[in-house]
Number of protein chains: 4
Amino acid sequence: MSEAAMTSQAKTAAAGRRGELLATAAQVFARQGYDATTVREIADAAGILAGSLYYHFDSKESMLDEILSGFLTELWTGYDAVLAAGLGPRETLEALVGQSFREIDRHRDAVAIYQRERHLAGQPRFAYLADSMSRFEAAWQGTLERGVAAGEFRSDLDLRLAYRFVRDTVWVAASWYRPGGRHDAGTIARQYLSMLLDGINIR
Amino acid sequence: MSEAAMTSQAKTAAAGRRGELLATAAQVFARQGYDATTVREIADAAGILAGSLYYHFDSKESMLDEILSGFLTELWTGYDAVLAAGLGPRETLEALVGQSFREIDRHRDAVAIYQRERHLAGQPRFAYLADSMSRFEAAWQGTLERGVAAGEFRSDLDLRLAYRFVRDTVWVAASWYRPGGRHDAGTIARQYLSMLLDGINIR
Amino acid sequence: MSEAAMTSQAKTAAAGRRGELLATAAQVFARQGYDATTVREIADAAGILAGSLYYHFDSKESMLDEILSGFLTELWTGYDAVLAAGLGPRETLEALVGQSFREIDRHRDAVAIYQRERHLAGQPRFAYLADSMSRFEAAWQGTLERGVAAGEFRSDLDLRLAYRFVRDTVWVAASWYRPGGRHDAGTIARQYLSMLLDGINIR
Amino acid sequence: MSEAAMTSQAKTAAAGRRGELLATAAQVFARQGYDATTVREIADAAGILAGSLYYHFDSKESMLDEILSGFLTELWTGYDAVLAAGLGPRETLEALVGQSFREIDRHRDAVAIYQRERHLAGQPRFAYLADSMSRFEAAWQGTLERGVAAGEFRSDLDLRLAYRFVRDTVWVAASWYRPGGRHDAGTIARQYLSMLLDGINIR
DNA sequence: TATGAATGAGCGTTCATTCAT
DNA sequence: AATGAATGAACGCTCATTCAT
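Every value quoted in this text rests on a predicted model; they were computed, and no experiment measured them. (Residues numbered from 1 in each chain as written. Chains lettered and ligands numbered in written order. Predicted model: local features only at pLDDT ≥ 70, side-chain atom pairs only at ≥ 80, totals over all residues. Heavy atoms only, no water.)

Bringing the overall build of chain A into the picture now. Secondary structure summary: chain A contains nine helices and zero strands in total. Listing every helix and strand of chain A by position from the N terminus yields α-α-α-α-α-α-α-α-α. Taken along its principal axes, the extent of the C-alpha atoms in chain A is 60 × 45 × 40 Å. Restricting to contacts in chain A with at least 6 residues of sequence separation, those with at least 24 account for 67%. (Helix = DSSP H or I, 4+ residues; strand = E, 2+ residues; numbered from the N terminus. Contact = heavy atoms within 4.5 Å.)

Have a look at this one:
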């Protein structure tokens with residue numbers, strides 16, 4: 001093996017160790033909540049001692065930070081692609097919902113943590129959470145408004161309520177979604193979209 | 001004044017003080033989360049010292065217990081009345097949603113705590129949370145099933161998904177609902193019901 | 001006993017407990033150095049548990065802070081009185097040395113800590129140490145200069161060196177001085193002054 | 001090159017590296033104090049990782065040991081030469097002071113550490129510090145006694161106090177002395193000696 | 001020689017809880 | 001009812017040290 005290849009592999013392995021530990025931490029955070037999780041529990045779950053975590057991370061909080069910011073970075077990559085595609089309001093909504101369930105599928109723990117620890121947005125270190133929430137609101141509520149203007153969505157609804165309805169409905173799903181369960185993320189997304197758009201009433 | 005009367009009055013006063021302290025605790029729990037809340041913060045908010053809380057309550061956990069069980073007791077009184085009224089599926093759904101938003105209005109903090117600390121249901125002391133969740137599922141999902149059977153609700157939906165959709169939609173509202181805001185609980189309930197039943201699409 | 005008297009006594013007792021604990025902490029800091037001292041050692045010496053110290057103090061550092069600032073406050077009360085008395089240079093020097101040894105006698109531990117932890121002066125919290133050092137230098141070196149100008153002290157010495165000579169000579173004594181030893185503080189002060197002024201040579 | 005020669009060269013190189021690392025460690029110890037210094041800080045200053053230091057040294061303590069014992073060995077080589085020279089008391093005192101300032105000049109960091117960590121003398125590993133202090137006291141106090149007996153030094157002083165006065169005066173200078181400053185070690189030594197012998201008074 | 005990853009003991013600190021007053 | 005002072009367990013984190021590579 002060439003030296004370059006070895007170096008590359010070493011880098012991957014190092015990044016891989018961090019990634020493994022972050023995934024472990026995310027799992028425990030998601031199950032117990034950030035505050036109720038001790039670093040010893042994370043370390044136990046990873047099969048090392050508590051102090052050893054600090055070789056890889058600065059603090060418990062920095063693990064949380066990395067988990068959340070990593071998730072949001074990926075999320076917005078997907079969202080931005082959708083928003084830049086120039087779709088109509090209903091197609092945009094469908095794409096956003098679909099993308100959201102894909103993210104829930106890929107980052108279940110991170111999403112659950114994000115839902116539960118929203119209050120972090122007030123701390124300077126997690127200001128990007130607040131930023132994300134604003135952009136989030138702009139994207140979804142803007143799409144709803146465009147839909148109303150285009151005559152695709154009902155005009156008799158308070159859009160702020162509708163926005164929250166849609167937002168919560170989609171994201172809270174992370175709290176019960178289990179990958180490998182009865183339905184895959186795509187199926188759930190389609191059913192959710194259908195309920196969202198047409199309700200549960202017989203037409 | 002008789003001794004019995006004095007005792008009675010003392011009890012009432014004590015109950016009143018307890019109630020005040022519980023409301024204070026619920027407020028802090030709802031804002032910061034149970035684990036992130038210290039008894040000192042509760043005591044500070046109540047204007048007493050931390051140790052003094054233990055004259056009124058056995059433990060921090062017992063405060064949480066009392067808050068949650070008190071809320072659920074009231075909730076089920078309302079739900080049971082609805083369920084016993086012999087209404088059709090859609091009327092039952094409407095009544096349950098309405099009742100839920102009324103509870104959110106009256107017990108905002110308790111609902112927010114209940115949402116966030118759902119994981120407690122696994123602990124023996126909080127087994128009644130798991131019980132309540134089961135009864136909850138039975139009531140809502142049963143109503144949906146009756147509605148499908150009666151030809152009122154769509155039959156092409158996975159009812160477990162629909163149940164979660166409805167449940168989350170309603171209860172997560174407690175995380176942003178503020179009494180005295182733009183809309184009262186009744187208005188929000190009606191809008192939510194409308195979206196739930198008919199979707200956001202133009203018919 | 002009147003209520004006012006009880007309150008007063010209670011306050012004294014509370015201040016007394018703090019004072020006791022600070023004296024204990026100062027003793028351990030002086031013996032082992034601040035960094036090498038654990039709060040458990042302080043607590044052991046005080047006969048309580050480590051955590052109990054935090055009922056009285058914010059942190060280990062705040063104990064150090066209180067010890068040093070308390071000492072310096074007292075020191076400067078004495079120095080300022082000397083400097084304001086309008087004495088001649090030699091009398092001022094005599095009074096400063098005498099006052100210094102009195103402070104060493106009264107605040108042995110604090111002085112020893114002050115000597116050893118001078119590097120703290122660089123930290124914002126302990127900026128008053130740097131201030132004190134500046135005022136110190138001004139007071140002593142100014143006195144030496146006045147003495148030279150008045151023809152009382154030798155003019156062939158580098159005054160900065162002389163200042164350090166005098167300063168160190170006096171204050172390092174805290175590292176070996178034991179109250180109740182062979183000589184009292186006044187005797188030591190007189191001998192030191194004599195050596196300082198006339199040297200150890202036979203005249 | 002022969003194997004023996006290579007080994008020898010390797011040893012020399014290793015000794016050189018050890019010396020470099022010890023100088024680095026001494027610098028950090030002197031600046032921050034032994035306890036407040038982490039091996040990581042030493043390693044950082046040396047441009048290697050903390051663990052790598054253990055290829056060269058057994059422990060942090062052994063670095064300190066080597067620094068202090070190396071300094072004391074050199075110091076006593078000089079002192080012994082002075083003491084064996086058969087000088088009179090004043091000449092001996094002058095030579096000891098001169099020698100001391102030369103050591104301060106050459107081993108500034110070691111001297112500063114020695115001053116600050118005097119308490120180590122109580123530990124078995126550093127018993128040689130206590131030995132050195134005893135020999136030190138014997139040498140200086142003996143010289144003072146000889147001077148008094150010879151009618152060269154004042155007889156009205158407590159010699160134990162005078163010894164401490166002289167000792168502290170000289171060695172504490174290491175805490176502020178910077179090589180390359182306004183005065184060289186010889187100049188400082190002469191001024192200190194002059195103050196020590198004749199005082200700061202005008203004669 | 002040096003690294004990367006880990007250990008394990010101990011640190012300063014927090015916090016729910018107790019209890020005499 | 002409430003306080004002041006303490007307890008004791010646990011927490012997040014640091015750090016000297018080890019060791020396979």
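What follows continues from the structure just given.
Taken together, the contact between chain C and chain D spans 44 residues of the former and 42 residues of the latter. Between chain C and chain D, the buried area comes to about 4,200 Å², and carbon and sulfur atoms account for 55% of it. Between the two partners, chain C and chain D, sit two salt bridges. A salt bridge links Arg116(C) to Glu117(D), with the shortest nitrogen-to-oxygen separation between them at 3.0 Å. Linking chain C with chain D are 30 residue pairs in polar contact (both at pLDDT 80 or more). (Buried area = accessible area lost by both parts, 1.4 Å probe. Salt bridge = Lys/Arg side-chain N within 4 Å of Asp/Glu carboxyl O. Polar contact = N/O pair within 3.5 Å; in protein donor to acceptor, adjacent residues only side chain to side chain.)

At an RMSD of 0.2 Å, chain B and chain A line up after a rotation of 180° and a shift of 0.0 Å along the axis. This pairing of chains is accounted for by a two-fold axis. Residue Gly199(B) of chain B places its C-alpha closer to the rotation axis than any other residue of that unit, at 1.9 Å. Taken as a fraction of all interface residues of chain B, those also at the interface in chain A reach 100%, which identifies the copy contact as same-surface. (Least-squares fit on C-alpha atoms with pLDDT ≥ 70 in both.)

Listed by partner, the interface residues are 42 residues for chain B and 45 residues for chain A. Counting each side, the surface lost to burial between chain B and chain A is near 4,300 Å², with a carbon and sulfur contribution of 55%. Connecting chain B to chain A are two salt bridges. Counting the contacts that link chain B with chain A gives 30 residue pairs in polar contact (both at pLDDT 80 or more). Of the residues that constitute the side of chain B that touches chain A, the class distribution is 17 nonpolar, nine polar and 16 charged. (Nonpolar A, V, L, I, M, F, W, Y, C, P; charged D, E, K, R; others polar.)

Turning next to the packing of helix H4 (residues 60-83) of chain C against helix H7 (residues 127-149) of chain C. All names here are of chain C. Contact geometry of H4 with H7 gives a least axis separation of 11 Å together with a crossing angle of 25°. Considered as vectors, H4 and H7 are oriented roughly parallel to each other. Along this stretch, H4 crosses H7, giving a crossing that reads as left-handed. On the side of H4, the interface is formed by Asp65, Leu68, Ser69, Leu72, Leu75, Trp76, Tyr79, Asp80 and Leu83, while H7 contributes Tyr128, Leu129, Ser132, Arg135, Phe136, Ala139 and Trp140. Of the residues that constitute the contact of H4 with H7, the class distribution is 11 nonpolar, two polar and three charged. (Axes fitted to C-alpha atoms, helices over the stretch in contact; angles between N-to-C directions. Parallel < 35°, antiparallel > 145°, perpendicular 65-115°, else oblique. Left-handed = near helix turned anticlockwise from the far one by under 90°.)

Turning our attention to the side chain of Asp65(C). Residues and elements named next belong to chain C. Structurally, Asp65 can be placed in helix H4. Residue class for Asp65 comes out buried when judged on its relative accessible area of 13%. There is a polar contact of 2.7 Å between the side chain of Asp65 and the side chain of Arg125. Asp65 has contacts with Gly70, Arg125, Phe126 and Tyr128, leaving out every residue within four places of it along the chain. (Buried < 20%, exposed > 50% of the residue type's maximum accessible area, 1.4 Å probe, protein only.)

Quick look at the protein's contact with DNA strand E now. Within the structure, DNA strand E sits among 30 residues, and Ser52(A), Tyr55(A), His56(A), Tyr54(C) and Tyr55(D) are positioned closest to it. Protein-adjacent atoms of DNA strand E, using a 4 Å cutoff, are sugar or phosphate at a proportion of 67%. For DNA strand E, a phosphate oxygen lies 2.8 Å from a polar atom in the backbone of Leu49(A). His56(A) is positioned with one of its side-chain polar atoms (N or O) 2.5 Å from a phosphate oxygen of DNA strand E. Elements with a minimum of two residues in the surface near DNA strand E: helix H3 (53-56) of chain A, helix H2 (39-46) of chain C together with helix H3 (53-56) of chain D. (Near = heavy atom within 4 Å.)

For DNA strand F, the set of nearby residues contains 31 residues, the closest of which are Tyr54(A), Ser52(B), Ser52(C), Tyr55(C) and His56(C). Sugar plus phosphate: this is where 70% of the atoms of DNA strand F within 4 Å of the protein reside. Within the backbone of Thr37(A), a nitrogen or oxygen atom sits 3.1 Å from a phosphate oxygen of DNA strand F. Separating a phosphate oxygen of DNA strand F from a backbone N or O atom of Val39(A) is a distance of 2.9 Å.

Attention now goes to the UniProt feature "DNA-binding region" (unreviewed entry) in chain A. When the UniProt feature table is mapped to this numbering, "DNA-binding region" (unreviewed entry) covers residues 38-57 of chain A. End C-alpha to end C-alpha, residues 38-57 of chain A measures 15 Å, and it is 60% helix and 0% strand. (UniProt positions renumbered as here; feature names shortened; annotations may be inferred.)

What follows covers the pattern of salt bridges. Evaluated as defined, the whole model comprises 44 salt bridges over all chains. In this structure, Asp168(A) and Arg167(A) form a salt bridge, with 2.9 Å as the shortest nitrogen-oxygen distance. Residue Asp168(A) is classed as buried on the basis of its relative accessible area of 1%. By relative accessible area, which is 17% here, Arg167(A) ends up buried. Arg154(B) is the partner of Asp156(B) in a salt bridge, and the nearest nitrogen-oxygen pair spans 2.9 Å. Shared partners join several salt bridges into a network, and the residues in it are Arg116(A), Glu117(A), Arg116(B) and Glu117(B).

An α-helical segment advances 3.6 residues per turn. Residues three or four places apart therefore align on the same side. Among the nine residues that make up helix H6 (residues 108-116) of chain A, nine are buried, leaving the element largely enclosed by the rest of the structure. All of the buried residues in H6(A) are Arg108(A), Asp109(A), Ala110(A), Val111(A), Ala112(A), Ile113(A), Tyr114(A), Gln115(A) and Arg116(A).

What follows covers the nonpolar core. Judged by nonpolar contacts, the single largest core of 125 residues is most densely connected at Phe101(C), Trp140(C), Phe101(D) and Trp140(D). Once residues lying within four places of it in the same chain are set aside, the contact partners of Trp140(C) are Tyr79(C), Leu93(C), Leu96(C), Val97(C), Ser100(C), Tyr163(C), Val166(C) and Val170(C). Counting 123 residues, the second-largest nonpolar core is a separate cluster that includes Leu22(A), Leu144(A), Leu120(B) and Tyr192(B). (Core = buried A, V, L, I, M, F, W, Y, C linked by side-chain atoms within 4.5 Å.)

Once that is clear, we can look at the domain arrangement of chain A. Residue and element names in this part refer to chain A. Assigned domains of chain A: these are domain 1 (1-58) and domain 2 (59-203). Opposite the 19 residues of domain 1 that make contact, domain 2 presents 13 residues. Around 1,400 Å² of area is buried between domain 1 and domain 2 when both sides are counted, 67% of it from carbon and sulfur atoms. Ranking the residues of domain 1 by area buried against domain 2 places Leu22, Phe29 and Tyr34 at the top, with a combined share of 38%. The interface formed by domain 1 and domain 2 contains one salt bridge. Listed by contribution, the elements that provide at least two residues to the side of domain 1 that touches domain 2 are helix H1 (3-32), helix H2 (39-46) and H3. When grouped by side-chain class, the residues that make up the side of domain 1 that touches domain 2 number 12 nonpolar, four polar and three charged. (Domains from an automatic or database assignment.)

Going through the model one piece at a time under the given rule, you end up with 50 aromatic pairs over all chains. Look at Phe126(A) and Tyr128(A): their rings are 6.1 Å apart centre to centre, the planes differ by 50°, and that puts the pair in the tilted class. Of the residues examined, Phe126(A) reaches a relative accessible area of 0% and is grouped as buried. Judged by centre distance (6.3 Å) and plane angle (75°), the ring pair of Phe71(C) and Trp171(C) falls under edge-to-face. Residue Phe71(C) is found in helix H4, and its partner Trp171(C) is found in helix H8 (residues 159-172); the two are separated by 100 residues along the sequence. The exposure class assigned to Trp171(C) is buried, which follows from its relative accessible area of 3%. Above the face of the Tyr34(C) ring, Lys60(C) is positioned so that its terminal group lies 4.4 Å from the ring centre. Between the NZ or CZ atom of Arg135(D) and the centre of the ring of Trp76(D), over which it lies, the distance is 4.0 Å. (Phe/Tyr/Trp six-rings, centres within 6.5 Å; stacked < 30°, edge-to-face > 60°. Lys NZ or Arg CZ within 6 Å of the ring centre and 35° of its normal.)

The next subject is the confidence of the model for chain A. The share of residues in chain A with pLDDT of 70 or more is 93%, and the mean pLDDT across the chain is 91. Across residues 1-14 of chain A, where pLDDT falls below 50, the model places two contacts with residues more than four positions away in sequence or in other chains. (pLDDT = per-residue confidence, 0-100.)

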